[in-house]
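For reference, the chains in residue letters:
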Amino acid sequence: MANSQDAYYLSLLALAERFRTQEPANIKSCLQCLQAVLTFRPPPKVEARTHLQLANLLIQYTNNTQLAQDHLEQAWTLSMNIAGFDDVRFEAASELAKLYEQTGGASNAKSLLRRAIELSRQSVYWHCRLIFQTAQLGLVEFDYATAGGLLQMGLEYCHIQGVAYTQLLFLLSKIMVMLLEGRVAAEVQTLLAQANQSVEQYNGAQGQKEHLRVFYLVLLVCHNLNSGQVKSVKPALKQLQQSIQNITQLSEQEIIPSSGSEMFAWLPREQLCVLVYLVSVMHSMQAGYMEKAQKYTDKALLQIDKLKAEDNASILSSVQLLLLEHSVMCHLIIGSKAQAIKEIAKVCQLLQQDAKQLQAHRAQLHTLLAVYAMSMNNSSAAEVQFNAALRAAHNLRDIGLCGFGVTRTSKNRDLWIFANLNLAVVYLRCQRERDFVAIMDRINPDTLPTQSQSLRAASFYVQGLHAFFTSRHNDGKRFLRESLKMANAEDLNRLTSCSLVLLGHIFLALGNPREAHNMVTPAMQLASKIPDLHLQLWSSAILKDLYRQFGDVSHEQESSQNHYNFSQTLLTDHMTASQLPEHQLIMWTEGPFPLPGNEKM
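Calculation notes
- Residues numbered from 1 in each chain as written.
- Predicted model: local features only at pLDDT ≥ 70, side-chain atom pairs only at ≥ 80, totals over all residues.
- Heavy atoms only, no water.
- Helix = DSSP H or I, 4+ residues; strand = E, 2+ residues; numbered from the N terminus.
- Buried < 20%, exposed > 50% of the residue type's maximum accessible area, 1.4 Å probe, protein only.
- Areas by Shrake-Rupley, 256 points an atom, 1.4 Å probe, with all protein chains shown as cover.
- Expected span 1.5 Å × (residues − 1).
- Bend = angle between axes of the 7 residues up to and from the residue.
- Core = buried A, V, L, I, M, F, W, Y, C linked by side-chain atoms within 4.5 Å.
- Contact = heavy atoms within 4.5 Å.
- Phe/Tyr/Trp six-rings, centres within 6.5 Å; stacked < 30°, edge-to-face > 60°.
- Lys NZ or Arg CZ within 6 Å of the ring centre and 35° of its normal.
- Axes fitted to C-alpha atoms, helices over the stretch in contact; angles between N-to-C directions.
- Parallel < 35°, antiparallel > 145°, perpendicular 65-115°, else oblique.
- Left-handed = near helix turned anticlockwise from the far one by under 90°.
- Nonpolar A, V, L, I, M, F, W, Y, C, P; charged D, E, K, R; others polar.
- Salt bridge = Lys/Arg side-chain N within 4 Å of Asp/Glu carboxyl O.

> What exactly am I supposed to notice about the overall build of the protein here?
Counting its regular elements, the protein contains 27 helices and two strands. Looking at the protein residue by residue over its 601 residues, the buried ones come to 55%. Approximately 26,800 Å² of the protein is accessible, and the part contributed by carbon and sulfur atoms is 50%.

> Is there a simple way to explain helix α18 (residues 355-375) in this structure?
Each α-helix turn comprises 3.6 residues. Residues three or four places apart therefore point the same way. Its 21 residues place the ends of α18 29 Å apart at the C-alpha level, agreeing with the 30 Å of an ideal helix rising 1.5 Å per residue. The sharpest bend along α18 measures roughly 60 degrees and falls at His361. In terms of burial, α18 is largely enclosed, as 18 of its 21 residues are buried. Directly beyond the C-terminal end of α18, a positive phi value near 60 degrees is found at Asn377.

> What should I look at first to understand the nonpolar core in this one?
Soluble, globular proteins show a tendency: their nonpolar side chains are buried together. One finds Leu240, Ile344, Leu365, Phe386 and Leu585 to be the most contacted residues of the largest nonpolar core, which totals 198 residues. Here Phe386 is in contact with Thr367, Ala370, Val371, Met374, Ala419, Asn422, Leu423 and Val426, once residues within four sequence places are set aside.

> Would you explain the packing of aromatic side chains in this entry?
Ring pairs (aromatic) are described by centroid distance and by the angle formed between their planes. Considering all chains together, one arrives at eight aromatic pairs under this definition. Taken together, a centroid distance of 6.1 Å and an interplanar angle of 45 degrees make the contact between Tyr165 and Tyr202 tilted. Linking Tyr165 in helix α9 (residues 164-181) with Tyr202 in the loop between α10 (185-201) and α11 (206-226), this pair joins segments that are 37 residues apart in sequence. Given the relative accessible area of 1%, Tyr165 is considered buried. Residue Tyr202 is classed as buried on the basis of its relative accessible area, which comes to 10%. Pairing Trp588 with Phe593 gives two aromatic rings, centres 4.6 Å apart and planes at 45 degrees, and the pair type is tilted. Summarising the burial analysis for this pair, Trp588 and Phe593 share the class buried. An aromatic cluster is present here, built from Phe90, Tyr125 and Trp126 joined pairwise through their rings. Sitting over the ring of Tyr296, Lys295 keeps its end group 5.4 Å from the ring centre.

> What should I look at first to understand the packing of helix α14 (residues 269-287) against helix α16 (residues 314-334) in this one?
Helix packing for two helices is described by the angle between their axes and how far apart those axes are. Look at α14 against α16: their axes get within 10 Å of each other, and the N-to-C directions meet at 25 degrees. Considered as vectors, α14 and α16 are oriented roughly parallel to each other. Considering how the two elements wind past one another, α14 and α16 form a crossing that is left-handed. Here Gln271, Val274, Leu275, Leu278, Val281, Met282 and Met285 of α14 lie close against α16, whose contacting residues are Ile315, Leu316, Val319, Leu322, Leu323, His326, Met329, Cys330 and Ile333. Here the contact of α14 with α16 is composed, by residue class, of 14 nonpolar, two polar and no charged.

> Where do I start with the pattern of salt bridges in this structure?
Side chains that carry opposite charge are capable of pairing whenever their charged atoms lie near each other. For the coordinates displayed, the defined rule picks out 19 salt bridges. One salt bridge connects Glu200 with Arg213, and the closest N-O pair in it is separated by 3.1 Å. With a gap of 13 residues between them, Glu200 in helix α10 and Arg213 in helix α11 connect regions that are remote in the sequence. With relative accessibility at 36%, the residue Glu200 sits in the partly exposed group. Judged by relative accessible area, which is 12%, Arg213 ranks as buried. Notably, a salt bridge pairs Lys234 with Asp491, separated by 3.6 Å at the nearest N-O pair. With Lys234 in helix α12 (residues 234-249) and Asp491 in the loop between α23 (473-489) and α24 (493-509), this residue pair connects regions lying 257 residues apart in the sequence. The partly exposed category is assigned to Asp491, whose relative accessible area is 22%. Connected through salt bridges with shared partners, the residues Glu95, Lys98 and Arg129 form a single ionic network.

> Explanation requested: α16 in the structure shown.
Along its 21 residues, α16 runs 31 Å from first to last C-alpha, staying within 8% of the 30 Å computed at 1.5 Å per residue. Following α16 by one or two positions, Gly335 adopts a phi angle in the positive range, close to 90 degrees.

Written out as structure tokens, the structure reads:
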């Protein structure tokens, strides 16, 4: 029988739970009851758990992080002296580390987590969870070496403990870190092959197996897209899309793990769906299917809005930014500059709410503004923005624009290359030969520091463009044929179209109209399929001249009408975009964004 004091705090605990679970929840009364429990000096176990409950409620329902931190510190300290009290001890450590990180105490968070990892070796679940959390903290700080070391430690621990599912999660997470580091492709491919075999041999719950398969396939598709292998990755992408459908059809019971020590999931299935949309967008962009990319983007952004209304997880904001960046590029390609600058403004609005995100995405933002400025024929603004992007890419090591899409890269090398390639085009347009020559070493296809075939093919294209502007037509044909060979091998349709139309222009300049026609006609067909309005405009201009030379009046009139229509569409959109208040963003490099509602311009 409990004495009267026990009865008081037990009653208060029951009352607190009733307030918490009623509809709607009465959190204020719940907190008051739990606070009252502590005044009765309950046993250490009850006191520690009550401090943890108070902290969790404060974190979930209030902004009082300092009081939550005080309660967590007390729960951690009290639980240290209670044998076998793992759930409270390590949950307190985990939540306290998160608070330390949020308030700028990353070193305190790491120190606390490492101490908790040492103490948790006898608890498989908590030991693995704390290792994952500490590795994630390393990733946030771009400390890939530390994160990789921790994941390897978890991998070895799980092997000893015989927990196959969590062991595979550690292996896949390690591969993810290697991709972020930009490790040698052969090394990554070896581990991917090992992971694939292990996933297929896994005989646990079906839901767990599908989650592992989706994790593996996302890594495989991203690895191939980073290398510009758009055609080669199609089977894996189809398998990924099928796997995510399988997951959405599973019941909650089929997803629950068979062992309590393996209560892990890479991501909730709703977030997995959004991630698969993003990967599909990346593929469609690199392949040059803008309408498909926009369709996937719209679906994913709609899903993110729904999920953020329930739980504003940080990964949702990151994926939302990546999708918007893709959408901007998509609108610029199809000739919708007004919509592109509006979506760049959305990116800015998201970034100004989070200083860390702004720092992480600064290089991409400058690149988007630069490409937009190029499309608006504002070469000076484009140059300023590309140089700002290069400075930001030099200082950061996270997400970058790759080829004609956005993927994760190491040290922003691919973004650095992308910006330099486009800066070179700006110099060629402005006939600034000396400035172009000054950056030629950065874009030499033979020494390009990337594994991306799409960037290498783009580099050959820029060399061909330079040869065209300097009337070195034979060199131009050689460079462009190399670009075409690489682009055709992997179905990089936009690069193929660009190379074909430029080759056609070179043959026209050489007085070989038949060969020019053979190049420009398929270029026009591809450009229409993408659709790329600028390439269609360029192709129709050449075709108009060619048909005039051939004496083909009807086709000349058709091409002339097409050229006029494309010109008017682009001109109307250009005027609309230039009059938008968001257009002022091309002048931004530092300080507050010049957006409506911001006090400083």
